[in-house]
Amino acid sequence: MKTKKIRKRFELADYLEEEKFLQVQHKKGWRMVNLKLGFSTYIFEECEPGDYAYQLDFKQQEKDLEEYLQLFEDCGWEHFYKLGNWYYFRKKKSEIPEENVIFNDAPTRAEMAKKVVRFQGMISFIALFPLFYIVPILLNRGEGRSNVLLALLSIYGVIMVVLTGSQLRNFWKLNQIIKREEQI
């Protein structure tokens, strides 16, 4: 079977764009079978071109996983991939638009985005926590401090600033999704 790879990066808050990307690929005759996270490389397998709905769900806890997946299967969804807390589903598109989404009401869509925001906040706190230790070290630089240690701490600080920018973008985008859904 023929395969192809596409490198494309989606952040936590880009799940709606990722769903559309996967739908477009399936329509062109390529269905997703794997994702290599390190380089954000999507692996697709050649298939019969078709109009498929792709949906992602964010589920942190694995309790009741069998029932969770069975619920989707009973509604015609194929669970075909899992990455971290993201579950990937697809099914042939229906004539009825409400059957092409796993969350067909605004409050449920808003709640899913809120779960992602809470997870993002936890990750941000864990990632930024070491800065509370590093900043005092940098500010109280004594003569006994190694320049190598300071260089490493500075590199860590720069990386954290870049990651914080990404986190803030995700928070903003997710909050826009929540506001839009709560207004419906």
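Scroll up to find the structure this text is about.
Every residue gets a number counted from 1 within its own chain, in the order that chain's sequence is written. Given that the model is predicted, a residue must reach a pLDDT of at least 70 before its local features are reported, and side-chain atom pairs must reach 80 or more before they are shown or counted; all residues, however, enter totals for whole chains, interfaces and linings. Where side-chain values are given, they derive from all heavy atoms of the structure, hydrogens and water being excluded.

1. Here's the deal with the sheet that holds strand 1 (residues 3-7)
With antiparallel pairing, the three strands of this open sheet are ordered in space as 1-3-2. With partners counted over all chains shown, the strands left at the sheet margins are strand 1 and strand 2 (30-36), one partner each. Taking the axes of each pair of neighbouring strands and ignoring which way they run, one obtains an average angle of 30° across the sheet. Judged from the six bridges that link them, strand 2 and strand 3 (residues 41-46) form a sheet pairing that is antiparallel. We call two strands paired when DSSP finds no fewer than two bridges between them. The helix and strand labels rest on DSSP assignments: H or I over at least four residues marks a helix, E over at least two residues marks a strand, and numbering proceeds from the N terminus. Helix axes use the C-alpha atoms of the stretch in contact, all axes being lines fitted to C-alpha atoms, and the angles between their N-to-C directions lie in the range 0 to 180 degrees.

2. Remarks on the pairing of strand 6 (residues 86-92)
Residue burial is assigned from relative accessible area. The probe radius is 1.4 Å, only protein chains are included, and a residue is buried under 20% of its type maximum, exposed over 50%, and partly exposed in between. Extensive coverage of strand 6 is indicated by the burial of six of its seven residues. Across seven bridges, the pairing between strand 4 (residues 52-58) and strand 6 is antiparallel. Considered in strand 6, the bridge of Gln 55 is made with Phe 89. Relative to strand 6, strand 5 (residues 78-83) is paired through five bridges, and the arrangement is antiparallel. Each residue of the ladder has a partner; that of Leu 83, found in strand 6, is Trp 86. Remark: two residues form the turn of the hairpin made by strand 5 and strand 6, two consecutive strands paired antiparallel; Gly 84 in that turn has positive phi of roughly 60°.

3. Digging into unusual backbone geometry
With phi around 50°, Ser 40 is a residue other than glycine that occupies positive phi space. Tracing the sequence through the fold places Ser 40 in the loop between strand 2 and strand 3. The class for Ser 40 is buried, based on a relative accessible area of 9%.

4. Focus on the pairing of strand 3
Most of strand 3 sits out of view: five of its six residues are buried. For strand 1 and strand 3, the ladder comprises five bridges, and the chain directions are antiparallel. Residue pairing across strands places Thr 3 opposite Glu 45, the latter belonging to strand 3. Between strand 2 and the antiparallel strand that follows it, strand 3, lie four residues; Ser 40 among them carries a positive phi value of about 50°.

5. Quick look at the packing of aromatic side chains
Here is the rule: rings of Phe, Tyr and Trp (six-membered ring for Trp) pair when centre to centre is within 6.5 Å. Planes less than 30 degrees apart are stacked, more than 60 are edge-to-face, and the remainder are tilted. Inspection of every chain in the model, using the stated rule, returns 15 aromatic pairs. Ring geometry for Phe 10 against Phe 21: centres 5.7 Å apart, planes inclined by 50°, an arrangement best described as tilted. Linking Phe 10 in the loop between strand 1 and helix 1 (15-27) with Phe 21 in helix 1, this pair joins segments that are eleven residues apart in sequence. Phe 21 matches Phe 10 in its accessibility class, with the two residues each being buried. Relative to Phe 44, the ring of Tyr 42 has its centre 6.3 Å away and its plane inclined at 25°; by these criteria the two rings are stacked. Accessibility assignment for this pair places Tyr 42 and Phe 44 in one class, buried. Grouped by ring-pair contacts, the aromatic residues Phe 10, Phe 21, Tyr 42 and Phe 44 constitute a single cluster. In this scheme, the term charge over a ring applies when either NZ of a lysine or CZ of an arginine sits within 6 Å of the ring centre and within 35 degrees of the ring normal. Sitting over the face of the ring of Tyr 68, Lys 59 holds its NZ or CZ atom 4.9 Å from the ring centroid. Over the ring of Phe 80 we find Arg 90; its NZ or CZ atom is 3.9 Å from the centre of that ring.

Distances and angles like these do not, on their own, reveal function.
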